[in-house]
Amino acid sequence: METVCFGSFCLDPVRGSLLRDGQPILMTPKAFMVLHHLLRHPEKLVTKDELLHAVWPRVCVGDGVVKVCIGEIRRALGDPSQQPRFIETVHCRGYRFIGNITDGAQATVRSGRVWQVHFGNPSPAGNMGLQDCSAAPALGRDKELERLDAYLARAFQGVPQVVLIKGEAGIGKTTLIESFLNRAMATETAFVAQGRCFGHCIDTEAYFSVIEALHSLCRGPKGDRAHELLRQWAPTWAMQLATVVDSQHVPSELNSTARQRMPREFAAYVEALMAEQPLVLVLEDLHWSDYATADLISYLTHLRSSAPFIIIGSYRCYELLQKTHPLKMLLRELKARRACNELSLGGLDGTVAQKFVSSHLPDSPATVKLSRMLHEKTEGNPLYKCWTTGSRKACSMYLTKKGISTNYYTTCG
Ligand SMILES: Nc1ncnc2c1ncn2[C@@H]1O[C@H](COP(=O)(O)OP(=O)(O)OP(=O)(O)O)[C@@H](O)[C@H]1O
Ligand SMILES: [Mg+2]
């Protein structure tokens, strides 16, 4: 299927990108596939079963996942369910694409550094309906950035590194990683693969975040080369990746031998990549990791390699309640072998709240009071920024929970 445009949007199934007025829009792979499927059948009723079959072909999931994806698509397109311009709900049955589809020849990516155009971080959006603001610089994280620089330097000297960044929701894990990558990749050349786990993945879809990372890698600079090597060294992964582009060309069953081969294939692929350039693999939100991904990370740390390779993971510690949580087991093992570095993120200091308030409100005793209150009530968690970067409804729920009246905010951005 060629690039399809509708309204000010263009979806390019080969690059896996959705653009609005030429600017990339962050979207999870599954939401992308659902939108892609609807666009292939304009004006037709597409049932939930059909979407489940097309987008989740080999896993057993409820139709709630379809609803979640449709919600994400609507947010991305700014398409309210009550008065839709693009996606209409057919009550109890499914969905219909009702937008005007036009020629997509003019669709181009305006971003200069495509590796930054990844599927983004829906968290806390995944939980709260907020939009991510991952491009914001990480204020007050100089020490953490220095530590990351040091781990990267070691990795690039031939001592592979695993760095796990932990902290509560909204504390700034993604912001730190993005800042670090922006800084590091301004001077270093590396393959950068970024993926993240998704709230529905434990026990269901194997390797979700890794597939997403490969997808971002194959769309980045030297993406064609990365894809070529993937097909050569890791054909089973290449086939998995194809599901993001066109689910019709994938056999309905991956045989079990192929599945067992995947870690070995992945390791061979990583080696092939690193023979050409260092590799930075970012796997975010590992508290939602599936078992296969955790096993793969463990497997990679067992390889005797002196190749330039760093894995950077992030997770929320308080989500690891389940005894047999895949990440919990992985952490135990990595720590016992001293095979990982942990970076724990705490609250930011009061100057961050101050800067936030003064960038939106004129200086006055009231704004000083507001920034102090924001800092104290959130204990330095900068999630209060959601007011200007995300959905106000979700944000006001968060603020109210923290005992902060949104009346203070009404003049902000
Ligand atoms: N160091 C920082 N300086 C300025 N703003 C920050 C900083 N850290 C986080 N923020 C802001 O706080 C919000 C949440 O940050 P972020 O998404 O990075 O958190 P997170 O720890 O990745 O959350 P989650 O666990 O939900 O993935 C964003 O709006 C971000 O811009
Ligand atoms: Mg995050």
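Above this text is the structure in question.
This one's a predicted model, so the numbers in the text were calculated from it and none came from an experiment.

Peer 1: How would you sum up the packing of aromatic side chains? Please name residues and give values.
Peer 2: The tally for this structure, following the rule as stated, stands at seven aromatic pairs. Taken together, a centroid distance of 5.1 Å and an interplanar angle of 75° make the contact between Phe6 and Phe86 edge-to-face. Of the two residues, Phe6 sits in strand S1 (residues 4-6) while Phe86 sits in the loop between helix H3 (64-77) and strand S6 (87-90), which places them 80 residues apart along the sequence. The buried category is assigned to Phe86, whose relative accessible area is 4%. Centre to centre, the rings of Phe9 and Phe86 are 5.8 Å apart; their planes meet at 90°, and the pair counts as edge-to-face. With Phe9 in strand S2 (residues 9-12) and Phe86 in the loop between H3 and S6, the pair connects residues that are 77 residues apart, well separated along the chain. The pair formed by Phe9 and Phe86 is uniform in burial state, with each residue classed as buried.

Peer 1: Provide a residue-level description of the pairing of S2, including the pertinent values.
Peer 2: Residues Phe9 and Leu11 point to one face of S2 and Cys10 and Asp12 to the other, with burial holding for every one of them. In the sheet, S1 pairs with S2 via three bridges, with the strands oriented antiparallel. Paired with Phe6 across the bridge in S2 is Phe9. Between S1 and S2, which pair antiparallel in sequence order, lie two residues; one of them, Gly7, sits at a positive phi of approximately 55°. As paired elements, S2 and strand S3 (residues 17-20) share four bridges and run antiparallel to each other. Residue Cys10 lies in a different strand from S3, and its bridge partner there is Leu19.

Peer 1: Describe the sheet that holds S6, naming the residues involved and giving the relevant values.
Peer 2: Taken in spatial order, the three strands of this open sheet run S5-S7-S6, and their pairing is antiparallel. Each edge of the open sheet is held by one strand with a lone partner, namely strand S5 (45-47) and S6. When strand polarity is set aside, the average angle formed by the axes of neighbouring strands in this sheet is 30°. Alignment of S6 against strand S7 (residues 94-97), held across four bridges, turns out to be antiparallel. Residue pairing across strands places Val90 opposite Gly94, the latter belonging to S7.

Peer 1: Go over the packing of helix H5 (residues 142-156) against helix H6 (residues 173-187) with me, naming the residues and quoting the values.
Peer 2: At a closest axis distance of 10 Å, the pairing of H5 and H6 adopts a crossing angle of 55°. For the element pair H5 / H6, the angle class is oblique. Relative to H6, the crossing made by H5 is right-handed. Across the interface between the two elements, Glu144, Leu145, Glu146, Leu148, Asp149 and Leu152 from H5 touch Leu176, Ser179, Phe180, Arg183 and Ala184 from H6.

What counts and what doesn't
Residues numbered from 1 in each chain as written. Chains lettered and ligands numbered in written order. Predicted model: local features only at pLDDT ≥ 70, side-chain atom pairs only at ≥ 80, totals over all residues. Heavy atoms only, no water. Phe/Tyr/Trp six-rings, centres within 6.5 Å; stacked < 30°, edge-to-face > 60°. Helix = DSSP H or I, 4+ residues; strand = E, 2+ residues; numbered from the N terminus. Buried < 20%, exposed > 50% of the residue type's maximum accessible area, 1.4 Å probe, protein only. Pairing = 2+ DSSP bridges. Axes fitted to C-alpha atoms, helices over the stretch in contact; angles between N-to-C directions. Parallel < 35°, antiparallel > 145°, perpendicular 65-115°, else oblique. Left-handed = near helix turned anticlockwise from the far one by under 90°. Contact = heavy atoms within 4.5 Å.

Geometry only, nothing functional implied.
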